[in-house]
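Residue-level structure breakdown
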Protein chains: 2
Amino acid sequence: MAVDAIRARSLPPEFIEQETTQRDRSRGQVTARLNAWHARLAASNPAADLENGERSGARLIIPGDAEWPTQLDQLGQSRPLGLWLHGSADLRFSCLKSVALVGARSATAYGTHIAAEFGVGLGESGWTVVSGGAFGVDSAAHRGALAAGSPTVVVLACGVDVCYPSSHDTLFAKIRGQGVIVSECPPGVHPTRARFLIRNRLIAALSRGTVVVEAALRSGALNTATHALALNRHLGAVPGPVTSRMSDGCHRLLRERKAVCVTSPEEVVDLVGVMGDDLVSQSRTPAVARDKLNEVTKRVLDAVPTRKGAGPASIAVAAGVNLSTALSALGGLAAAGYIERSADGWRLRKQTTSYRKAPDSAALEPPLIDADADPLQDPPFPDEDDLVHREHNLPIPDEGSSGSPTT
Amino acid sequence: MAVDAIRARSLPPEFIEQETTQRDRSRGQVTARLNAWHARLAASNPAADLENGERSGARLIIPGDAEWPTQLDQLGQSRPLGLWLHGSADLRFSCLKSVALVGARSATAYGTHIAAEFGVGLGESGWTVVSGGAFGVDSAAHRGALAAGSPTVVVLACGVDVCYPSSHDTLFAKIRGQGVIVSECPPGVHPTRARFLIRNRLIAALSRGTVVVEAALRSGALNTATHALALNRHLGAVPGPVTSRMSDGCHRLLRERKAVCVTSPEEVVDLVGVMGDDLVSQSRTPAVARDKLNEVTKRVLDAVPTRKGAGPASIAVAAGVNLSTALSALGGLAAAGYIERSADGWRLRKQTTSYRKAPDSAALEPPLIDADADPLQDPPFPDEDDLVHREHNLPIPDEGSSGSPTT
């Protein structure tokens, strides 16, 4: 090429040879990786993955789906292409108010006590606990949330159908009934060290803030903390006795002023909470007021049973709408927190039973519907504007169209 | 007065009456206080105080004395008029590199353990521990310093001849032999709650930084921390289990970002140390190199005995100088850390025995003597310039004059 010719004339011979060799070496490396990826591609079987996944009760979500948590988009190029989920809670709604509790696998009695206490406290305050499902701090945090009757989110480094650690099978089963298990890996994939580290970015990205409960200097929890900072999430750390090596990691974060010192669930909520919103609301209310739902969505909501679940088809019939309209509305209602999945389909979340009975408030002016507006505007995550809780609007789906709410 | 007349014309009658009453009330209060002070003045007996003090072995220092720590001047209007001292260590020199360790009287085993450990570690690193001589954290810190063979400074809220708490008589006796006891109160005065709080400002002001080892939310140690911040001193806090109410005060300081998280003596030295100086020097070397001393001062230094002390008069004779010259030089040598007090007078501090034997370095150029320069320029305290360790110069005292080194 012309550039090469010019450079060849100006550089000393041995220098040109060096450059050429380096370029060839890089080319060689890229070629080798491409070959490796081609081999993996040839060995993959997406159709089988989907079939296996759905047979086990899992579902796959991708950007644009109603359940896709938009905060994950802040990962930019490292955003996952999709996520496998298994559990009754809606991932997007659960993560609207969520905190990651992370820490050592080899936690001390102090660490597990604090993790459980924080899990309970946060759950009772309407905050979802996100963690990795590992021994120690993770497991204690999940159990605390479950005890408080709150959803909890487990982000695994293996397929959602692979139970790791294996002794957590009962815990994960409980979580599926009350929360949701998440993975970037297809069904059947086993965890590796690299996958644990990669998974940590999702824990940090899904939640509004991360709290390191107990961690030694080399703990993987500090890796999650680094992701949180990179994503401009809140970061807290719990101090401990300075005589305990297991608290060294937390103390370093405090000393370097990277993390805020938190000593109770209340202080965690102070850290991650949205002003005005958390000072008042203690319970998990839907993200959109019922009065703001349009007529069609209200009809679909009214058709969702209270106790046992019902499938989308029967709900569509009961509501007098076609199937695709029903699917749209159901996705939006789940993301807004009105309904949840059960073994038999969709049912109301406990919070909303009273909502159904309340009359529409005739005094409220229905808001102007902006057809181009983002149908689901979640409260912004710290990376975006000021932490102001914005109003939500759901669009009026066209009865004849097959469009799903886009984000 | 003219102003009153003008105001009388413009304000409504009842308003003027109110004002007058308020002014009279203030006048009344001031008069009452003046009377109280007059009464106390009439009852005081400075001559008797001086006599009692010196009989017990104490000494009084005032601003301008060689031993007056100049960092106290940063207290401005609340600078003490003078300080009573009792002990063999030179206060000014001891406080050049000093850290206040403060905390709860009702400390836990954790708190006393950490205080003692920090006392030992700081003492071994050549840092003087300053504290209040109380139960709990104070006493553990003093004991740690003593165990490390380091000086320690106790600032009391009562006369230096009053032992409070009384069970600390042995501790204070040890401290007098290796450190110094300090008080703003004359001999015989007993402690009161007010005097404890007032005393705290001296603990903060004397030292380069304060570390709160363990403190509940209402601990007096937080009062000392506040003084430290007001004086622009470094402030550190030691975290503990969040389950311990006795660490709540420390955690609040960390959370509010008022204090730096410190977990070891090394981290404390990092906090308060002078760059370049503390990374290298671990031992307590004199503040002025022997080569920089002028001839007369060197002669006086050479006349100071190693083990048993000698009085100023015999030192003057041995050095071939008059008494006032000897007193000047002795004051400066003590402040620079070459000599210390003992029961019998002055003797060399252990560190300097080797100095005496070393030959003068002929290669070094003697520094220019600036007669107007500050004779003792201590490394500046954080309130002043950058923490740069400046060179020291001692003046050439006039053989015939009776001047003492001024600050």
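Owing to the predicted nature of the structure, the values given are computational and were not obtained by experimental measurement.

Describing the sheet that holds strand S9 (residues 260–261) of chain A
Residues and elements named next belong to chain A. Read from one edge of the open sheet, nine strands run S1-S2-S6-S5-S4-S3-S7-S8-S9, paired in mixed fashion. Where the open sheet ends on each side, the last strands, each with one partner, are strand S1 (59–61) and S9. As defined by bridge partners, strand S2 (residues 83–86) adjoins strand S6 (residues 180–183) across three bridges and the pair is classed as antiparallel. Across the sheet, the residue bridging to Leu-85 is Val-182, located in S6. Packed onto the sheet, helix H6 (residues 137–147) meets strand S3 (98–103), strand S4 (128–131), strand S5 (152–156) and strand S7 (209–214) and runs at close to 145° relative to S3.

Here's the deal with the UniProt feature "domain: Smf/DprA SLOG" (unreviewed entry) in chain A
Within this structure's numbering, the places UniProt gives as "domain: Smf/DprA SLOG" (unreviewed entry) are residues 60–271 of chain A. Along residues 60–271 of chain A one finds 39% helix and 17% strand; the C-alpha atoms at either end are 32 Å apart.

Some details on the pattern of salt bridges
All names here are of chain A. Per the stated rule, a full pass over the model turns up 27 salt bridges over all chains. With a closest N to O distance of 3.4 Å, Glu-67 and Arg-341 form a salt bridge. Of this pair, Glu-67 sits in the loop between S1 and S2 while Arg-341 is found in strand S10 (residues 339–342), placing the two residues 274 residues apart along the sequence. A salt bridge links Arg-347 to Glu-340, with the nearest nitrogen and oxygen atoms 2.9 Å apart. Shared partners join several salt bridges into a network, and the residues in it are Arg-59, Glu-67 and Arg-341.

Quick word on the confidence of the model for chain A
Residue and element names in this part refer to chain A. Mean pLDDT over chain A works out to 83, with 79% of the residues at or above the 70 mark. Across residues 352–377 the pLDDT falls below 50, and counting only partners more than four positions away or on other chains, this stretch makes 38 contacts in the model. Long-range and interchain partners of residues 382–407, a stretch whose pLDDT sits below 50, account for 71 contacts in this model, where long-range means more than four residues apart. Model confidence for the complex is summarised by a pTM of 0.75, with the ipTM given as 0.73.

What to know about the relation of the copies chain B and chain A
Laying chain B over chain A is done by rotating through 180° and shifting 0.0 Å along the axis; what remains is an RMSD of 0.1 Å. Here the transformation between the copies is reduced to the relation of a two-fold axis. Taken together, the interface assignments show that 100% of the residues at the interface of chain B recur at the interface of chain A, consistent with an identical surface on both copies.

A closer look at the packing of aromatic side chains
Residue and element names in this part refer to chain A. Inspection of every chain in the model, using the stated rule, returns two aromatic pairs over all chains. Here Tyr-164 and Phe-196 contribute two aromatic rings whose centre-to-centre distance is 5.9 Å and whose plane-to-plane angle is 50°, an arrangement assigned as tilted. Taken as a pair, Tyr-164 in the loop between S5 and helix H7 (169–178) and Phe-196 in helix H8 (residues 193–206) lie far apart in primary sequence, 32 residues in all. The residue whose ring lies beneath Arg-105 is Phe-196, and the NZ or CZ to ring-centre distance is 5.0 Å.

Rules of the game
- Residues numbered from 1 in each chain as written.
- Chains lettered and ligands numbered in written order.
- Predicted model: local features only at pLDDT ≥ 70, side-chain atom pairs only at ≥ 80, totals over all residues.
- Heavy atoms only, no water.
- Pairing = 2+ DSSP bridges.
- Helix = DSSP H or I, 4+ residues; strand = E, 2+ residues; numbered from the N terminus.
- Contact = heavy atoms within 4.5 Å.
- Axes fitted to C-alpha atoms, helices over the stretch in contact; angles between N-to-C directions.
- UniProt positions renumbered as here; feature names shortened; annotations may be inferred.
- Salt bridge = Lys/Arg side-chain N within 4 Å of Asp/Glu carboxyl O.
- pLDDT = per-residue confidence, 0-100.
- Least-squares fit on C-alpha atoms with pLDDT ≥ 70 in both.
- Phe/Tyr/Trp six-rings, centres within 6.5 Å; stacked < 30°, edge-to-face > 60°.
- Lys NZ or Arg CZ within 6 Å of the ring centre and 35° of its normal.

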